[in-house]
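# Chains, contacts and geometry: an overview
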Amino acid sequence: MKLMFASDIHGSAYYCEKLMNCYDKEQPEKLILLGDLLYHGPRNDLPKDYNPKEVIRMLNEKKNEILCVRGNCEAEVDQMVLEFSVMSDSLLLYVDGITIFATHGHLFHEEKLPPISDKDILIHGHTHIQAIRKMEKGMYLNPGSVSIPKEGNKNSYMVYENGAFLIKSLDGESIREWKCDL
């Protein structure tokens, strides 16, 4: 199974379009969005080509292929305009024998772990910083930010396929990879 993870679009039509192009090229079974889709948030500058209505249109075109969790910038009005569920705090995925706890990162994160075991994976966005690292319990992965990367990171997403996680730039460059023991 091939999955694609992305986080923190923050209303940028420019970067959402780049993400949709990557999605079409990657051809995953599902696009898993880790929150903060439409609003830029009070702590962030406006991203390039801030146009939430256009982001709504692009995402709704893929509504049957998207699984999503709520970010700290999502509100009830976002659910009113998006045609897929955006208000769940987390998703529990079981793929190829791997348990993945997917969330935005503002409720559960490395310092406040969800109920996971040593072999499980926590994936979240929120920090806008790419990460693949072992935690005290389980692994932590972060695809980075689609529109507002921080700490010198590139605009990015992550792909899972055949037990391997690969963080890629929106330009297709491989950035970081981790292969889990299946």
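The notes below deal with the structure included here. (Residues numbered from 1 in each chain as written. Predicted model: local features only at pLDDT ≥ 70, side-chain atom pairs only at ≥ 80, totals over all residues. Heavy atoms only, no water.)

## Quick look at the overall build of the protein
The number of helices and strands found in the protein is 3 helices and 11 strands. Its helices and strands taken in sequence order, the protein reads β-α-β-α-β-α-β-β-β-β-β-β-β-β from the N to the C terminus. Computed over its C-alpha atoms, the radius of gyration of the protein comes to 15 Å, within 12% of the 16 Å expected for a compact globule of 182 residues. On the principal axes, the C-alpha backbone points of the protein span a range of 40 × 35 × 30 Å. Residue burial in the protein is summarised as follows: out of 182 residues, 54% are buried. Of the contacts formed within the protein by residues at least 6 apart in sequence, a portion of 54% connects residues at least 24 apart. Summed over all atoms, the accessible surface of the protein reaches about 8600 Å², with 48% contributed by carbon and sulfur. One finds the centroid of the 21 positive side-chain charges in the protein at a distance of 2 Å from the centroid of its 28 negative side-chain charges. (Helix = DSSP H or I, 4+ residues; strand = E, 2+ residues; numbered from the N terminus. Rg over C-alpha atoms; globule rule 2.2 N^0.38 Å. Buried < 20%, exposed > 50% of the residue type's maximum accessible area, 1.4 Å probe, protein only. Contact = heavy atoms within 4.5 Å. Areas by Shrake-Rupley, 256 points an atom, 1.4 Å probe, with all protein chains shown as cover. Lys, Arg positive; Asp, Glu negative; His and termini not counted. Charge placed at Lys NZ, Arg CZ, Asp CG, Glu CD.)

## Observations concerning the pairing of strand β4 (residues 90-95)
Side-chain alternation along β4 places Leu91, Leu93 and Val95 on a buried face and Ser90, Leu92 and Tyr94 on a face that remains uncovered. The sheet contact formed by β4 and strand β5 (residues 98-103) spans 6 bridges and is antiparallel. Bridged to Ser90 within β5 is Thr103. Hairpin connection, β4 to β5: the antiparallel pair is bridged by 2 residues, and Asp96 has positive phi, about 50°. (Pairing = 2+ DSSP bridges.)

## Brief notes about the nonpolar core
Proteins that are soluble and globular tend to have nonpolar side chains buried together. Core analysis: the largest hydrophobic core is formed by 27 residues, its most contacted members being Ile9, Leu19, Leu33, Leu37, Leu59 and Phe84. Of all the secondary-structure elements, those providing two or more residues to this core are β1 (2-6), α1 (13-26), β2 (30-33), α2 (52-61), β3 (66-68) and β9 (156-161). Sort the elements by how many residues they give to this core and α1 lands first, with 7 residues. Excluding its chain neighbours within four sequence positions, the residues that come into contact with Leu59 are Ile9, Cys16, Met20, Leu33, Leu37, Ile66, Leu82 and Phe84. In this structure, Leu34, Ile98, Ile100 and Ile167 belong to the second largest nonpolar core, which totals 21 residues. (Core = buried A, V, L, I, M, F, W, Y, C linked by side-chain atoms within 4.5 Å.)

## Describing the environment of Tyr94
Mapped onto the elements of the fold, Tyr94 is located in strand β4. A C-alpha to C-alpha distance of 11 Å links Tyr94 and Met1, two positions 93 residues apart in sequence.

## With respect to the packing of α1 against α2
Look at α1 against α2: their axes get within 9 Å of each other, and the N-to-C directions meet at 15°. Taken as axis vectors, α1 and α2 run roughly parallel relative to one another. Regarding α1 and α2, the two cross each other, and that crossing is left-handed. Across the interface between the two elements, Ala13, Cys16, Glu17 and Met20 of α1 pack against Glu54, Val55, Met58 and Leu59 of α2. When the residues that make up the contact of α1 with α2 are grouped by side-chain class, the tally is 6 nonpolar, no polar and 2 charged. (Axes fitted to C-alpha atoms, helices over the stretch in contact; angles between N-to-C directions. Parallel < 35°, antiparallel > 145°, perpendicular 65-115°, else oblique. Left-handed = near helix turned anticlockwise from the far one by under 90°. Nonpolar A, V, L, I, M, F, W, Y, C, P; charged D, E, K, R; others polar.)

## Let's talk about the sheet that holds strand β11 (residues 174-179)
Reading across from one edge, β3-β2-β1-β9-β10-β11 is the order of the 6 strands in this open sheet, with mixed pairing throughout. What marks the edges here is a single partner per strand, and that holds for β3 and β11. Along the sheet, successive strands turn relative to each other by an average axial angle of 20°, direction set aside. When strand β10 (residues 164-169) meets β11, the two strands line up antiparallel, connected through 5 bridges. Paired with Ala164 across the bridge in β11 is Lys179. Running over the sheet, α1 touches β1, β2, β9 and β10 and is turned about 170° from β1.

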